[in-house]
There are 2 protein chains.
Amino acid sequence: MDSGVILNIIKIGGNVIDNPDALNEFLEHFSSIKGKKILVHGGGKKASALAQRLGVEVEMVEGRRVTNQEMLEIAVMVYAGWINKSIVAKLQKFGCDAIGLSGADANLIEGMKRPKKEVDFGYVGDLLHDSVNHNMLKKFMELGLTPVFSAITHNKKGQLLNTNADTIASSLSASLSSNYQVNLIYCFEKDGVLKDVEDESSVIEHIDLASYKVLEKSGEIFDGMLPKLNNAFDALQKGVSAVYIGNASKLHQFNQGCFGTRITL
Amino acid sequence: MDSGVILNIIKIGGNVIDNPDALNEFLEHFSSIKGKKILVHGGGKKASALAQRLGVEVEMVEGRRVTNQEMLEIAVMVYAGWINKSIVAKLQKFGCDAIGLSGADANLIEGMKRPKKEVDFGYVGDLLHDSVNHNMLKKFMELGLTPVFSAITHNKKGQLLNTNADTIASSLSASLSSNYQVNLIYCFEKDGVLKDVEDESSVIEHIDLASYKVLEKSGEIFDGMLPKLNNAFDALQKGVSAVYIGNASKLHQFNQGCFGTRITL
């Protein structure tokens, strides 16, 4: 059961990270969000760009990065190193007492190396229902700290694992729902779930399970949104209070209660 | 005043970090050290090697790296990214609940950008007497965590700074002496301070201020050791209980009380 204390878990992806001005503006807005919060960031194009400069081949299968030893080093350097620490330093400037973390730190997120099937994804981590050390995370937040997660986990046997940032955000949210009333907020480049993908003003303000089934059947929702919405309902079924999908550049509207599409059961 | 609780602060340099087997063995020994402890690591040759692969010129002045924007990114990626997270994952394997940190995280170490004089060192940080947030560090250790510091700090204005690892170790030690009985342990490739630099068996077991002055006058100590010893006495004068200088590969002997050269006031 949650304690009634609100925790906002916010995920940003490459579209914000790759644009220094957008990132700076986002971090200022993020700092202004009241109460307990966690930031989860993806990697953006920097890892692929570094791989290219180093002559390391980037292999993608089904939209996922195949991670050999060289690619793992690059991912850890870029995600847990430069991006994570740059974000933390900027948040500190804005008065937000951030702490940059990977899943290995304080054993916060244990991943399991994805089993080799048709594709060997290499050092890629999947998460289980008990992967998150929510007790330690709660203690950090009780110290007034704002955790900032890069998408790197470990297997408790000394191996770092490249892990999907959306998965980390939803696993953190589900796990921390035992301690908090969790809002999971996915930031991306659109204003929310759109009725008409060409029309930014067609944001659907609220979706629940009943209206989602209607929208899904009618084919009114852009196909690319379906995985996001399925993930959202999965998180809600695991105890998350509400999921929001909206524009990273408009996060300041979250305090006013009018951010993107709100999704509930 | 210290509380009588012992805290061991251990610094390793490139000679350990650059050798995977030596690093692994060291981390196993480090894990076995009882009680509260902190690890501070330097960078080794990996940052220069990466710079070379990327065609970034490495400029050293008086043994210190000049850190422009490109070199800062490399230092943060390598030190706070790959090396720090690899060490943390390995310590977790050995049952040590490590947390990898830079000075930006939880605002733990505030650096000041070195003023431009004859040389502009770029994004290099110097530390002041009140740079360390020892209250937060104490809280981390009270949670059972072992802090692992990379040599990156920040200026609280959003700027990351490349900082000397020896300086971080001694500043942490001096600052935490208000809370703990601190031993500062410098690990390097020799067994201790040697009377005869060619003879590994000539380790001086104990040096105090009186015997140091005699040794210094007699010219019996290898010149390269003088800065280390001056730093040691500086730390002791700032409240550190004892400084040890010894071989990284023999850290397991520390629990038995026979590690390297012990330096006290």
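None of the values given here were measured: they were computed from a predicted structure.

Here's the deal with the side chain of glutamate 73 of chain A
1) Next: Tracing the chain through its elements places glutamate 73 of chain A in helix 4 (residues 69-93).
2) Next: Those residues in contact with glutamate 73 of chain A, other than ones at most four positions away along the chain, are Lys46 and Trp82 of chain B.

As for the packing of helix 5 (residues 134-142) of chain A against helix 6 (residues 165-176) of chain A
Residue and element names in this part refer to chain A.
1) Next: Running from N to C, helix 5 and helix 6 cross one another at 85 degrees; their axes reach a closest spacing of 10 Å. Considering the angle they form, helix 5 stands roughly perpendicular to helix 6. Of the residues in helix 6, those in contact with His134, Leu137 and Met141 of helix 5 are Leu172, Ser175 and Leu176.
2) Next: Here the contact of helix 5 with helix 6 is built from residues that sort into four nonpolar, two polar and no charged.

Some details on the side chain of asparagine 183 of chain B
Residue and element names in this part refer to chain B.
1) Next: As for its placement among the helices and strands, asparagine 183 is situated in strand 11 (residues 181-188).
2) Next: Here the side chain of asparagine 183 touches asparagine 8 through a polar contact of 2.9 Å, side chain to side chain.
3) Next: Ignoring sequence-local partners within four residues, the contact set of asparagine 183 consists of Ile6, Leu7, Asn8, Ile9, Ser241, Ala242, Tyr244 and Phe254.

Concerning the UniProt feature "site: Transition state stabilizer" (unreviewed entry) in chain A
Residues and elements named next belong to chain A.
1) Next: Look at the UniProt record and you will see "site: Transition state stabilizer" (unreviewed entry) annotated at Lys11 and Lys228. A maximum C-alpha distance of 12.4 Å places the annotated residues, which cover 218 residues in sequence, within one compact spot.
2) Next: If we skip the residues at most four places from it in the chain, lysine 11 touches Val40, Ala165, Asp166, Ala169, Ile185, Tyr186 and Cys187.
3) Next: Side chain to side chain, lysine 11 and aspartate 166 meet in a polar contact 2.8 Å long.
4) Next: Following the sequence through the fold, lysine 228 ends up in helix 8 (residues 226-237).
5) Next: Beyond its immediate chain neighbours, meaning those up to four positions away, lysine 228 contacts Phe188 and Ile245.

A short note on the pairing of strand 8 (residues 146-149) of chain B
Residues and elements named next belong to chain B.
1) Next: Neither face of strand 8 is left uncovered, since the one carrying Thr146 and Val148 and the one carrying Pro147 and Phe149 both have all their residues buried.
2) Next: As paired strands, strand 5 (residues 98-101) and strand 8 are joined by four bridges and run parallel to one another. The residue bridging glycine 100 from the neighbouring strand is valine 148, located in strand 8.

Here is what the cut-offs are and how they apply
Starting from 1, residues in each chain are numbered consecutively following that chain's sequence as written. Here chains are named by letter from A upward and ligands by number from 1 upward, in the order in which they appear as written. Only residues with pLDDT of at least 70 get local features here, since the model is predicted, and only at 80 or more are side-chain atom pairs given and counted; chain-wide, interface and lining totals rely on the full set of residues. Each side-chain value is worked out from all heavy atoms of the structure, with water and hydrogens disregarded. Each helix corresponds to a stretch of at least 4 residues labelled H or I by DSSP, and each strand to a stretch of at least 2 residues labelled E; elements are numbered beginning at the N terminus. The criterion used for residue contact is that any of the two residues' heavy atoms lie within 4.5 Å. Axes here mean lines fitted to C-alpha atoms, for a helix over just the part in contact, with angles spanning 0 to 180 degrees between N-to-C directions. Every angle not falling under 35 degrees, over 145, or within 65 to 115 is termed oblique; those three ranges are roughly parallel, roughly antiparallel and roughly perpendicular. Gly counts as polar in this scheme, as do all residues outside two lists: the nonpolar Ala, Val, Leu, Ile, Met, Phe, Trp, Tyr, Cys and Pro, and the charged Asp, Glu, Lys and Arg. Here a polar contact is recorded for every N or O atom pair within 3.5 Å, except that within protein the pair must consist of a potential hydrogen donor and a potential acceptor, and residues adjacent in sequence are included only if both atoms are side-chain atoms. UniProt positions are given in the numbering used here, feature names are shortened, and annotations may be inferred rather than shown by experiment. Only protein chains enter the area calculation, which uses a 1.4 Å probe; residues under 20% of their type maximum are buried, those over 50% are exposed, and those in between are partly exposed. At least two DSSP bridges between two strands are needed for those strands to be called paired.

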